Amino acid sequence: MNKTDKKYIEIAKNILENGYDEEKLNHEVRAVWEDGESAYTKFLPQEIVRYEKGEVPLISLRKIAWKSAIKEILWIYQDRSNDVNLLKEKYKVNYWDSWKNDEGNLGTAYGYQINKKFKSPETGNMTNQIERLIDQIKNNPLNRRLIMNLIDVDDMADMTLIPCAFLTMWTVSGDYLNLTLIQRSGDFLAAAAPGGINAFQYYVLLRMIAQVTGYKAGDFVHFIQNYHIYKKHIPIVKKIMEVKVDEKSRPRLEINPDIKDFKDFTIDDFKLLDYYPDKTKYDIDIAL
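Just so it is clear, the model here is predicted, and its values are computed rather than measured.

K.L.:
So what's going on with the UniProt feature "active site" (unreviewed entry) in the protein? Which residues, and what values?
P.N.:
UniProt tags Cys-164 as "active site" (unreviewed entry). Along the chain, the position of Cys-164 falls in the loop between strand S5 (147-149) and strand S6 (165-173). For Cys-164, a relative accessible area of 23% gives the class partly exposed. Setting aside residues no more than four positions away along its own chain, Cys-164 makes contact with Tyr-110, Ile-182, Gln-183, Arg-184 and Ser-185.

What follows is the structure, given as structure tokens:
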């Protein structure tokens, strides 16, 4: 069992044993299931998961759709898009349909924020968030304002879903580029668990940005403000915690080293090796 699998079990156990029970707090919750039933959780506030240099945050306790995770990152940060139809047509990823508006997009959320033009505080030139980040890492690596933010309060009312993983902060230390991901809310089973979709896709983003700026990927810290397991998900999480992992499963991610420009990455440039996850299929309801 690798480090990430151990983190999964440790945090799941902590939430289940020590988490706050929303039902017992006697307040209504925003999230509901498709039938309108309230989606209560057990949760812990302000949890931090740290991944060391070289650790690929991908669990083997259950199979993660790792290619879909990368495709979503390409859609948000490379295409700079909020168009759900583009995600479906170009990448064959279909799980955003529940949040798209009548125009088939996410309103002012996700790639819309990355694509917005603004005046760079460093150069005074018009830019967007991903272009500024890459330029500053290359040319001003000790800049302490290396951030990308998917939430602009002026646009929140027009977002079909306010992003859960919304803020990245970047720091160069020697030969390494380090990343902190801030997440306001984390559905443990569906996406936010150690080694789940959220952690893996932002680890991939770290690897991509490090490669095109000439650095090695350093430490990755994932902060979740509200880390929760939906009560309907508890039986599945408990089952996953008992899985016997194939000891050969030590995931390694290879990225085409010839790619030097962020816009040139495609899904074919990523290869996952030594990944032997448990292939049990679970019916995971998503709270809306």
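This is not the end of the story, as more comes after the structure.
K.L.:
Residues and numbers for the environment of Ile-284, please.
P.N.:
In this fold, Ile-284 is placed in the segment after strand S11 (270-273). Note: C-alpha distance between Ile-284 and His-233 (51 residues apart in sequence) is 7.3 Å.

K.L.:
Please set out the environment of Glu-52 residue by residue, giving values where relevant.
P.N.:
Tracing the chain through its elements places Glu-52 in the loop between strand S2 (41-51) and helix H2 (66-78). When the C-alpha atoms of Glu-52 and Asp-219 are compared, they prove to be 5.0 Å apart, with 167 residues separating the residues in sequence. Apart from the residues lying within four places of it in its own chain, the contact partners of Glu-52 are Lys-3 and Asp-219. Side chain to side chain, Glu-52 and Lys-3 meet in a polar contact 3.0 Å long.

K.L.:
Can you lay out the pairing of S2 for me, pointing to particular residues and giving the numbers?
P.N.:
Here strand S1 (residues 20-21) runs beside S2; their pairing, made up of two bridges, is antiparallel. Within the sheet, the bridge partner assigned to Tyr-20 lies in S2 and is Phe-43. Sheet topology places S2 next to strand S9 (residues 216-230); ten bridges connect them, and they run antiparallel. If you follow Arg-50 over to S9, its bridge partner there is Val-221.

K.L.:
Pulling in residues and values, what's your account of the packing of aromatic side chains?
P.N.:
Applying the stated criterion to the full structure yields eleven aromatic pairs. Seen in terms of ring centroids, Tyr-8 and Phe-188 are 4.8 Å apart; in terms of plane orientation they differ by 55°. Their pairing is tilted. Linking Tyr-8 in helix H1 (residues 3-18) with Phe-188 in helix H6 (residues 188-192), this pair joins segments that are 180 residues apart in sequence. The exposure class assigned to Tyr-8 is buried, which follows from its relative accessible area of 1%. Ring geometry for Trp-96 versus Trp-99: centroids 5.6 Å apart, planes at 65°, classification edge-to-face. You can call Trp-96 buried: its relative accessible area is 6%. Residue class for Trp-99 comes out buried when judged on its relative accessible area of 18%. Ring pairing ties together the aromatic residues Trp-75, Trp-96, Trp-99 and Tyr-110, which thus form one cluster. One Lys or Arg, Lys-248, reaches over the ring of Tyr-276 and ends 5.1 Å from the middle of that ring.

K.L.:
So, the nonpolar core: which residues are in play, and what are the values?
P.N.:
One finds Tyr-77, Trp-170, Phe-188, Tyr-202, Ile-209, Phe-262 and Phe-270 to be the most contacted residues of the largest nonpolar core, which totals 90 residues. Per-element tally for this core: the top contributor is helix H7 (residues 197-213), with twelve residues. When sequence neighbours within four positions are dropped, the list of residues in contact with Phe-270 reads Trp-66, Ile-70, Val-204, Met-208, Leu-253, Glu-254, Ile-255 and Phe-265. Counting five residues, the second largest nonpolar core, distinct from the first, contains Trp-33, Ala-39, Tyr-230 and Ala-287.

K.L.:
How would you sum up H2? Please name residues and give values.
P.N.:
Its 13 residues give H2 an end-to-end C-alpha distance of 17 Å, which sits within 8% of 18 Å, the value for a rise of 1.5 Å per residue. Counting buried positions along H2 yields eleven of 13 residues, so the element is predominantly enclosed. Among the residues making up H2, those that are buried are Trp-66, Ala-69, Ile-70, Lys-71, Glu-72, Ile-73, Leu-74, Trp-75, Ile-76, Tyr-77 and Gln-78. Tucked inside the fold, the buried residues of H2 contact helix H3 (84-91), helix H4 (111-115), helix H5 (129-139), S5, H7 and S11.

K.L.:
Could you give an account of the pairing of S11, naming the residues involved and the relevant values?
P.N.:
The alternating pattern of S11 places Phe-270 and Leu-272 on a buried face and Lys-271 and Leu-273 on a face that is not buried. Where strand S10 (residues 252-255) meets S11, four bridges bridge the pair, whose relative direction is antiparallel. Across the sheet, residue Glu-254 finds its bridge partner in S11, namely Lys-271.

K.L.:
Give a description of unusual backbone geometry that names residues and reports values.
P.N.:
Positioned with a positive phi, Arg-80 is a non-glycine residue whose angle comes to about 55°. When you line up the elements, Arg-80 lands in the loop between H2 and H3. Its relative accessible area of 24% is what places Arg-80 among the partly exposed residues. In this structure, Lys-92 is a non-glycine residue whose phi angle is positive, near 65°. With respect to the helices, strands and loops of the structure, Lys-92 is situated in the loop between H3 and H4.

K.L.:
Requested: an account of the pattern of salt bridges, with residues and values cited.
P.N.:
With the rule as written, the count across this model stands at 18 salt bridges. Among the salt bridges present, the one from Arg-145 reaches Glu-122, with a minimum N-O distance of 3.6 Å. Separated by 23 residues along the polypeptide, Arg-145 in the loop between H5 and S5 and Glu-122 in the loop between strand S3 (118-119) and strand S4 (126-127) bring together distant segments of the chain. Among the residues examined, Arg-145 registers a relative accessible area of 47% and is labelled partly exposed. Between Arg-252 and Asp-274 there is a salt bridge, with its nearest N and O atoms 2.9 Å apart. With a gap of 22 residues between them, Arg-252 in strand S10 and Asp-274 in the segment after S11 connect regions that are remote in the sequence. We classify Arg-252 as partly exposed; its relative accessible area is 41%. If you follow the salt bridges from partner to partner, you end up with Asp-21, Glu-23 and Lys-231 in one network.

Cut-offs used in this document
- Residues numbered from 1 in each chain as written.
- Predicted model: local features only at pLDDT ≥ 70, side-chain atom pairs only at ≥ 80, totals over all residues.
- Heavy atoms only, no water.
- UniProt positions renumbered as here; feature names shortened; annotations may be inferred.
- Helix = DSSP H or I, 4+ residues; strand = E, 2+ residues; numbered from the N terminus.
- Buried < 20%, exposed > 50% of the residue type's maximum accessible area, 1.4 Å probe, protein only.
- Contact = heavy atoms within 4.5 Å.
- Polar contact = N/O pair within 3.5 Å; in protein donor to acceptor, adjacent residues only side chain to side chain.
- Pairing = 2+ DSSP bridges.
- Phe/Tyr/Trp six-rings, centres within 6.5 Å; stacked < 30°, edge-to-face > 60°.
- Lys NZ or Arg CZ within 6 Å of the ring centre and 35° of its normal.
- Core = buried A, V, L, I, M, F, W, Y, C linked by side-chain atoms within 4.5 Å.
- Expected span 1.5 Å × (residues − 1).
- Salt bridge = Lys/Arg side-chain N within 4 Å of Asp/Glu carboxyl O.

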